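# Close look at the chain arrangement
Here are the chains, one letter per residue:
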Amino acid sequence: MNGQRFYKLILIFKIMLDPDINFFMLEALNMADLAFQNNEVPVGAIIVKDRKIIGKGFNQVIQHHSVSSHAEINAIYDAGQTLQNYRLIDCDLFVTLEPCHMCAKAIVDARINSLYFGAMEPKTGAIQSIDFFLDHDHLNHKVKYSGGYMSNQSANLLKKFFKSRRN
């Protein structure tokens, strides 16, 4: 069993023992709902250090006129402002959708400790769906990750959003 798979098993047990993961995923879902209310793709993210939320973000690509204004990037920026540091050592990221490559690289560069994500993203998900980016040997920082937390709630919000756009 490789180290990443072993860590995933540990995370499953941790979730059963640690209600904080569900609490923080609910907070990320609240951020996704803000995106929905602002006519943005409903993805939300929060960053936690020492069991306290230090950064929040949701998709604001349209509002900011920027393809880089993903929930993860906005949460990383917010946490950096809170800590007054671009390195988010000992911080965990909770996001409602599997990150893309751009966000995965930002997560590595910010030195995020652990990533917890909700729904899988079969088209652009860089963590498990189309790539295992965080497992690449060339990266100078290793991020622990696992997904599937509150995935139904995350996926349903996304489906509701895209359905409303088609009507």
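To start, this report covers the structure provided alongside it. Source: prediction; values computed, not measured.

All right, on to the pattern of salt bridges then. Applying the stated criterion to the full structure yields 2 salt bridges. A salt bridge links R51 to D20; its shortest N-O distance comes to 2.5 Å. Of this pair, R51 sits in the loop between β1 (44–49) and β2 (52–58) while D20 sits in helix α2 (residues 20–37), placing them 31 residues apart in sequence. For D109, the salt bridge is made with K105, and the minimal N-O distance between the two is 2.6 Å. Remark: K105 and D109 occur in helix α5 (residues 101–109); sequence separation between them is 4 residues, near one turn of the helix.

When two helices pack together, their arrangement is given by the angle between their axes and by how far apart the axes lie. Remark: α2 packs on helix α6 (residues 151–166), axes separated minimally by 11 Å, with the N-to-C direction vectors making an angle of 0°. On the basis of the axis angle, α2 is roughly parallel to α6. Contacts between α2 and α6 involve L29, A32, D33 and F36 from the first element and Q153, S154, L157, K160 and F161 from the second. Taken together, the residues of the contact of α2 with α6 break down into 5 nonpolar, 2 polar and 2 charged.

On to unusual backbone geometry, then. The backbone phi angle of R111 is positive, close to 65°, even though this residue is not glycine. Here R111 is to be found in the loop between α5 and β4 (114–119). Note on R111: relative accessible area 15%, which makes it buried. Phi at M150 is positive, roughly 50°, even though this residue is not glycine. Along the polypeptide, M150 turns up in the loop between β5 (144–147) and α6. Taking the relative accessible area as the measure of exposure, M150 reaches 16% and is therefore buried.

Spatially, the 5 strands line up as an open sheet ordered β2-β1-β3-β4-β5, and their pairing is mixed. Two strands bound the open sheet, and with one partner strand each, they are β2 and β5. Along the sheet, successive strands turn relative to each other by an average axial angle of 15°, direction set aside. Bridge analysis of β1 against strand β3 (residues 91–97) gives 5 bridges, and the strand direction is antiparallel.

Cut-offs used in this document
Residues numbered from 1 in each chain as written. Predicted model: local features only at pLDDT ≥ 70, side-chain atom pairs only at ≥ 80, totals over all residues. Heavy atoms only, no water. Salt bridge = Lys/Arg side-chain N within 4 Å of Asp/Glu carboxyl O. Helix = DSSP H or I, 4+ residues; strand = E, 2+ residues; numbered from the N terminus. Axes fitted to C-alpha atoms, helices over the stretch in contact; angles between N-to-C directions. Parallel < 35°, antiparallel > 145°, perpendicular 65-115°, else oblique. Contact = heavy atoms within 4.5 Å. Nonpolar A, V, L, I, M, F, W, Y, C, P; charged D, E, K, R; others polar. Buried < 20%, exposed > 50% of the residue type's maximum accessible area, 1.4 Å probe, protein only. Pairing = 2+ DSSP bridges.

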